[in-house]
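# Working through the structure, step by step
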Amino acid sequence: MANDGQSGRESTRREYLQYGGAVIAGGLLAGCTGGGGSGTTTTASESETTTAATTEAATETETETEAETTTEAAESYSVSIEPVGEVAFDSVPETWIANNGSWADMGVALGLDAPMGVWLPGRYHTQYYDEIPDVSVDKSSIRQLWGDSGVGKEQFYELNADVHIADPNFLLNRGQWSEADIEEISTQVGPFFGNSIFSRGYAWHEDYRYYTLYEAFEKFAQVFQREDRFEAFEQVHEEFQSNLAPVVPAQGERPSAAVVWAGGDEPEEFYPYVIDEGTSFKHLNDLKVNDALATTEVRDFYSNRGAVDFETLLEVDPEVLLVRGQEAKTREEFQNTVVSFMENHEVAGELTAVQNGDVYRAGALYQGPITNLVATDRLARTLYDADERLFDTQRVADIANGNL
């Protein structure tokens, strides 16, 4: 929340209204006491006139003060999201942190300043904004919150953000924070507000609701009171889906793809991902890509944190290989390093995807409304030979810059 001091951040709406009432009563009492203690003698007529005037003035003052209090109270609002529940805000947050690029990108789409901190800024791929005119983010201003020992509480105190856009269960289930730690930061610094929308692979996430990208985006917009920009962006997304529909081939004509994570220029070990409904797979689901790993014995990375090698991939032999962890590279850089390495590798060179030139960057793990549009559009042209861009980049820029 955006407040002038620590006490304001901790106030609830009920406390705020009670405090406002105390100011009204105290002010009236002080005014009457001051009039009676002046030592001036008055006639009965003068006294009645003075009393009437004082009463009228007091009534006007009380009415005005009540109106001001009602106006200020009306600025308070609350937004609900699982697993956090209902979060109250005395005013619109000005400073914030985000646990990943999904939420950070939502802020950009709404025209907010960049978050003060992100768990891993290296996985927040701001180069996607190169596709959008007049939209950019200076990542040097974003602090990395995840270190060798995870995310430390002291960083939250140092940044002193108004709101923390993060699922607290992510911290709890990494064994680093306790519920007492979450409560401490929520009350002493600012509330948590978020959900681990990017994945549905965590067992602990099954205990509460999943959100689609745009369901979460709407909640985010409500926190920052920018629902008008969300609605405009939602329209862009609907138009994009309409443009995308005729591009996607029929079921029997769509490729079967394996999604894996591998960093570096010459990867030989891969973390396999089975496509699910998390937002990190939204672009693949919208493109209706068939999952080459779904019916195999290869287990999803989230289930056992296991890796596979080229021999295992050759057993699956997908038509298309989509590699994550490579978004920092341009298409040419990816071709000249990772793809070139595979083409010259004794085992990788036997993969159908490698032989047919169907190895591509898979798109970011953390996707927000803008990055999802760019990633989906890119793969639509790569996989399905879409002739032109499927969304209006200038319209996206206009919304982000407040030109609705």
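Nothing here was measured: the structure is a model prediction, and the numbers come from that model. (Residues numbered from 1 in each chain as written. Predicted model: local features only at pLDDT ≥ 70, side-chain atom pairs only at ≥ 80, totals over all residues. Heavy atoms only, no water.)

### Thoughts on the overall build of the chain
- When helices and strands are tallied, the chain shows 16 helices and 13 strands.
- Within the span of the chain, comprising 404 residues, buried residues form 47% of the whole.
- Restricting to contacts in the chain with at least 6 residues of sequence separation, those with at least 24 account for 73%. (Helix = DSSP H or I, 4+ residues; strand = E, 2+ residues; numbered from the N terminus. Buried < 20%, exposed > 50% of the residue type's maximum accessible area, 1.4 Å probe, protein only. Contact = heavy atoms within 4.5 Å.)

### Describing the packing of aromatic side chains
- A complete count under the given rule lists 25 aromatic pairs for this structure.
- Judged by centre distance (6.2 Å) and plane angle (35°), the rings of Trp 103 and Phe 220 are tilted. Taken together, the positions of Trp 103 in helix 4 (residues 101-109) and Phe 220 in helix 8 (residues 213-223) put the pair 117 residues apart, joining distant regions of the chain.
- For Trp 103, a relative accessible area of 0% translates into the label buried. (Phe/Tyr/Trp six-rings, centres within 6.5 Å; stacked < 30°, edge-to-face > 60°.)

### Structural notes on helix 9 (residues 227-244)
- Compared with the 26 Å implied by 1.5 Å per residue over 18 residues, the 25 Å span of helix 9 between its first and last C-alpha is a close match.
- On its buried side, helix 9 packs onto helix 4, helix 8, helix 10 (282-286), helix 15 (369-383) and helix 16 (393-400). (Expected span 1.5 Å × (residues − 1).)

### A word on the environment of Leu 383
- Position of Leu 383 relative to the elements: it lies in helix 15.
- Here Leu 383 falls in the buried class, since its relative accessible area comes to 17%.
- Counting along the chain gives 23 residues from Leu 383 to Tyr 360, while the straight-line C-alpha distance between them is 9.2 Å.
- Excluding residues within four positions of it along the chain, Leu 383 makes contact with Val 289, Val 320 and Tyr 360.

### Focus: the pairing of strand 12 (residues 320-324)
- The buried fraction of strand 12 amounts to 5 of the 5 residues, a majority that puts the element mostly inside the structure.
- Across the two faces of strand 12 the burial is the same, with Val 320, Leu 322 and Arg 324 and Leu 321 and Val 323 all buried.
- In terms of strand pairing, strand 12 meets strand 13 (residues 359-361) through 3 bridges, oriented parallel. Residue pairing for strand 13: Leu 322 is matched across the bridge by Tyr 360. (Pairing = 2+ DSSP bridges.)

### Re the packing of helix 4 against helix 15
- Contact geometry of helix 4 with helix 15 gives a least axis separation of 6 Å together with a crossing angle of 100°. For the element pair helix 4 / helix 15, the angle class is roughly perpendicular. Listed contacts from helix 15 to Asp 105, Met 106, Val 108 and Ala 109 of helix 4 are Pro 369, Ile 370 and Thr 371. (Axes fitted to C-alpha atoms, helices over the stretch in contact; angles between N-to-C directions. Parallel < 35°, antiparallel > 145°, perpendicular 65-115°, else oblique.)

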